[in-house]
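Chain residues, written in single-letter form:
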Amino acid sequence: SGKGGASSPSSAGGQRFASGVVVLPPGALSLGSVDHGIGTCQPCFYVNTKIGCQYGSSCKYCHSEHPAKNQEVPSRQKRRTCQDFVDEFFEGCLPGGLTPLRIAEADLQRAPGFPHGDEVAGKYCLKLLRIRYKAMGIDLAAEGVGDDEGPPRG
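Residues numbered from 1 in each chain as written. Predicted model: local features only at pLDDT ≥ 70, side-chain atom pairs only at ≥ 80, totals over all residues. Heavy atoms only, no water.

Caption draft 1: Structural detail: the side chain of Ser30. Within the element layout of this structure, Ser30 appears in the loop between β3 (22-23) and α1 (76-93). Take Ser30: its relative accessible area is 0%, and that puts it in the buried class. A polar contact of 2.7 Å, which involves the side chain of Ser30, links it to the backbone oxygen of Tyr61. (Helix = DSSP H or I, 4+ residues; strand = E, 2+ residues; numbered from the N terminus. Buried < 20%, exposed > 50% of the residue type's maximum accessible area, 1.4 Å probe, protein only. Polar contact = N/O pair within 3.5 Å; in protein donor to acceptor, adjacent residues only side chain to side chain.)

Caption draft 2: A look at helix α2 (residues 101-110). Turning to α2, its buried residues are Leu101, Ala104, Glu105 and Leu108. Relative to the axis of α2, the buried residues are bounded by an arc of 105° and lie together on one face. Looking at the packing, one finds that the buried side of α2 touches α1 and α3 (119-135). (Arc of directions from axis to C-beta. Contact = heavy atoms within 4.5 Å.)

Caption draft 3: Just the pattern of salt bridges, in detail. Per the stated rule, a full pass over the model turns up 7 salt bridges. The salt bridge partner of Asp87 is Arg132, with a shortest N-O separation of 2.4 Å. You can see Asp87 sitting in helix α1 and its partner Arg132 sitting in helix α3, a full 45 residues away along the chain. Residue Asp87 is classed as partly exposed on the basis of its relative accessible area of 25%. The buried category is assigned to Arg132, whose relative accessible area is 19%. The structure contains a network of salt bridges with shared partners spanning Arg102, Glu105 and Arg130. (Salt bridge = Lys/Arg side-chain N within 4 Å of Asp/Glu carboxyl O.)

Caption draft 4: Examining the packing of α1 against α3 more closely. Contact geometry of α1 with α3 gives a least axis separation of 9 Å together with a crossing angle of 45°. Comparing the axis directions of α1 and α3 gives the class oblique. Classified by chirality, the crossing of α3 by α1 is right-handed. Of the residues in α3, those in contact with Arg79, Cys82, Gln83, Phe85, Val86, Asp87, Phe89 and Phe90 of α1 are Ala121, Tyr124, Cys125, Leu128, Leu129, Arg132 and Tyr133. Looking at the contact of α1 with α3, its residues break down into 11 nonpolar, 1 polar and 3 charged. (Axes fitted to C-alpha atoms, helices over the stretch in contact; angles between N-to-C directions. Parallel < 35°, antiparallel > 145°, perpendicular 65-115°, else oblique. Left-handed = near helix turned anticlockwise from the far one by under 90°. Nonpolar A, V, L, I, M, F, W, Y, C, P; charged D, E, K, R; others polar.)

Caption draft 5: Region of the structure containing the environment of Lys123. Looking at where Lys123 falls in the secondary structure, it is placed in helix α3. On the basis of relative accessibility, which here comes to 54%, the residue Lys123 falls in the exposed class. Between the C-alpha atoms of Lys123 and Pro74, which are 49 residues apart in sequence, the distance is 9.6 Å.

As structure tokens, then:
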């Protein structure tokens, strides 16, 4: 304990005092940055925006530099085509009940109209299917599927 009152170790390795003061190890920009060196951190979505991260050094997400994710996105027209295709496929699945996501993904890829020759559009269709499943309240982690819909929020 120090002058700021009782302290407790944070889950990320820094010290959080009762006064709200956070003491981080050297080089850590936020609580979430503590594990940056070993690559198990998650980047903060807000740290590099105009307004910045409201949590500052208390943020549970990493404020260190991370390489930008260059996610390819299909053109607007292809996105609309993919959305229509996945909507039609998904609505066709509902009357018989939803199958596990991995089976639905395989079925989607076998469905007439799946963009086999366009890897970007194909990945986009699969992402849309995952979003539909998630919207139905299906736990993707329990299905063994990673959630790749966007960066973590901090």
